[in-house]
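# Geometric and topological summary
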Amino acid sequence: MPKRVRALLTLFVPVSLLALAGCDDPNTTTTVTRAEVEARHSPIIATDSETVTVTAETDTDATEFWTFIFVDGTLEEICDSQTSCSVTVGPLSSTPPGGTGTGRPVNYHAIVLPIKYDDCDLDPCNNEDRNTFAVTGNNYQYDPNSGNYIPALDQSPSSDAVDVVFHMAGDYTSGSDLTKSFISDVEDKIYDEYGAQSIIEDQMQNFNFWVYTKKANGDDCGVPDSSVSSNMAFRDADAVLHVDTFGDCSIGSRFSAEGHDTKAFLHESGHGVFNMADEYDGDTSYFEPANEPNIFKTSSNCTSEQTSEGRPTSACSQFTSRQGGWYKIHTGSTIMSWGTTGQPWGTEGVEHMNWFFNNL
Ligand SMILES: [Ca+2]
Ligand SMILES: [Ca+2]
Ligand SMILES: [Ca+2]
Ligand SMILES: [Ca+2]
């Protein structure tokens, strides 16, 4: 793009957006019914010596559209009718506007704007996604709040969103700072593990992800530094990532998982974030979730649910004789029977997940 055009757009985009939309073109007869954009960034938390790549994925039935990407208040990229649009910027300064301390939140947003359409069922006929992440000092120093937490992907009001806090267990490093490998593992959990489960990916806008700067204990289902209770009273779940491979578990809304890709993070999220019960026959503690349970404490609870859902009651079977015997309809491996990325939730699991997101 010529520099002059880019400069003009930088000045006039807010006004020109609407003026440019809906240009008459006798060669098109399109009606736009869908125009959505989702933006993401990498690294998930950037130091002030790293570049940052922002990618906007567009989902629209417009045949022609523009995608605009703004980072830190500046228009950085315009793409013409490309489903995926990305730009790399920085390194970005970690100096806050006030000039004191180290680290600051950085906003970016992507806008999709259909062009050359005849009708648009959307009002307005554009869509945007606006996210915030942190740029820190070289060792992940971040001073803007005194609560020892850093935004990794902050995108919705905490009162409406699932706020997941990542904690680094002591086996990542013997030093006192957060490490790049931990931050990279956090990014992997968000984009490549949650992001690979379509039910969660569809609801990604309803999550905020944070990193706590104080180290946690990876044992005993993950024990965060006790200061998190007062510093982040708004949080919904604590995920303690560790390097060593060992058996993980959850207690209430806290859980542990390997930082590398194992079954633990998704399965323990099923407990600690989504309040689902285990679906395997083993040494665990069974319970029937109050809403849309994924397992049942009696055969009749299972069969009456199937009857009310119009499914055959023959699907119900006892999957364990432990703790009085528990019942299920799932078959094969599921997230709550195992937890490998990409595994299904099962029919009752899907109903529970849908209930969860419908009641945020
Ligand atoms: Ca977003
Ligand atoms: Ca929340
Ligand atoms: Ca494990
Ligand atoms: Ca159900």
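Residues numbered from 1 in each chain as written. Chains lettered and ligands numbered in written order. Predicted model: local features only at pLDDT ≥ 70, side-chain atom pairs only at ≥ 80, totals over all residues.

With that settled, consider the overall build of the protein. From N to C terminus, the protein includes seven helices and 18 strands. Dimensions of the protein, computed from C-alpha atoms along their principal axes, come out at roughly 75 × 55 × 30 Å. Burial statistics for the protein: of 360 residues in total, 39% are counted as buried. Partitioning the intrachain contacts of the protein with sequence separation of at least 6 by distance along the chain shows that 65% fall at a separation of at least 24. (Helix = DSSP H or I, 4+ residues; strand = E, 2+ residues; numbered from the N terminus. Buried ≥ 20, exposed ≤ 12 C-beta atoms within 10 Å, placed from the backbone. Contact = placed C-beta atoms within 7 Å.)

Moving on to the sheet that holds strand β15 (residues 250–251). Spatial ordering of the open sheet is given by β11-β13-β12-β14-β16-β15, a layout of six strands whose pairing is mixed. One side of each edge strand has no neighbouring strand; the edge strands of this open sheet are β11 (149–153) and β15. Sheet contacts for helix α5 (residues 264–272): β14 (237–242), β15 and β16 (254–258); angle to β16, the most-contacted strand, approximately 175 degrees. (Pairing = 2+ DSSP bridges. Axes fitted to C-alpha atoms, helices over the stretch in contact; angles between N-to-C directions.)

For an interface, size is often stated in terms of accessible area lost upon the parts coming together. Along its sequence, the protein is organised into domain 1 (1–89 + 107–132), domain 2 (145–273) and domain 3 (276–360). Computed from C-alpha coordinates alone, the two centres of domain 2 and domain 3 are separated by 25 Å. With 14 residues of domain 2 at the contact, the number on the domain 3 side is 13 residues. Ranked by residue count, the leading element in the side of domain 2 that touches domain 3 is α5, at five residues. (Domains from an automatic or database assignment.)

This paragraph deals with the environment of E351. Secondary-structure assignment places E351 in helix α7 (residues 347–358). Taking the C-beta count within 10 Å as the criterion, E351 has 17 such neighbours and is therefore assigned partly exposed. A sequence separation of 59 residues divides E351 from E292, and the C-alpha atoms of the two residues are 6.2 Å apart.

Bringing α7 into the picture now. When the terminal C-alpha atoms of α7 are compared, their 16 Å separation across 12 residues agrees well with the 16 Å that a helix rising 1.5 Å per residue should span. Where α7 is concerned, the buried positions are E348, G349, H352, M353 and F356. Looking down the long axis of α7, one finds its buried residues gathered within 140 degrees of arc, a one-sided arrangement. (Expected span 1.5 Å × (residues − 1). Arc of directions from axis to C-beta.)

A few words on the sheet that holds strand β4 (residues 52–60). The strand order β2-β4-β7 describes an open sheet built from three strands, whose pairing is antiparallel. Edge strands, defined here as strands with exactly one partner in the open sheet, are β2 (35–42) and β7 (84–89). Recorded for the sheet is a direction-independent mean angle of 15 degrees between the axes of neighbouring strands.

Burial within strand β5 (residues 65–71) is extensive, with seven of its seven residues counted as buried. Neither face of β5 is open: one carries F65, T67, I69 and V71, the other W66, F68 and F70, and all of them are buried. Where β5 lies against strand β8 (residues 104–114), seven bridges are found, and the strand directions are antiparallel. Each bridged residue has a counterpart across the sheet, and for F65 the counterpart in β8 is P114. Across six bridges, the pairing between β5 and strand β6 (residues 74–80) is antiparallel. Following the sheet pairing, T67 is matched in β6 by C79. Counted along the chain from β5 to the antiparallel partner β6, the turn is two residues long, and its residue D72 has a positive phi close to 55 degrees.

All right, on to the environment of H352 then. Counting through the fold element by element, H352 comes out in helix α7. Among the residues examined, H352 registers 24 C-beta atoms within 10 Å and is labelled buried. Residues H352 and G98, 254 residues apart in the sequence, show an inter-C-alpha distance of 46 Å.

In this section: the nonpolar core. Core analysis: the largest hydrophobic core is formed by 84 residues, its most contacted members being I45, A152, V165, F166, W210, V211 and A239. Ignoring any residue separated from it by four or fewer positions in sequence, one finds V211 in contact with I45, Y149, I150, A152, F166, L178 and V186. (Core = buried A, V, L, I, M, F, W, Y, C linked by C-beta atoms within 7 Å.)

Take A35: it is sitting in strand β2. Note on A35: 23 C-beta atoms within 10 Å, which makes it buried. Along the sequence, A35 and L122 sit 87 residues apart, while their C-alpha atoms lie 8.0 Å from each other. When near neighbours in sequence (up to four residues on either side) are disregarded, A35 contacts T60, A62, F65, V112, P114, L122, C125, N126 and N127.

Once that is clear, we can look at the confidence of the model for the protein. Looking at the protein as a whole, the pLDDT averages 93, with 92% of positions reaching at least 70. Within the model, pLDDT remains below 50 along residues 1–12, and this stretch shows six contacts once partners closer than five positions in the same chain are excluded. (pLDDT = per-residue confidence, 0-100.)

Here helix α2 (residues 180–194) spans 20 Å end to end across 15 residues, near enough to the 21 Å set by a 1.5 Å rise per residue. The largest bend along α2 measures about 30 degrees and falls at D188. What α2 keeps buried is the set F182, I183, D185, V186, E187, K189, I190, E193 and Y194. (Bend = angle between axes of the 7 residues up to and from the residue.)

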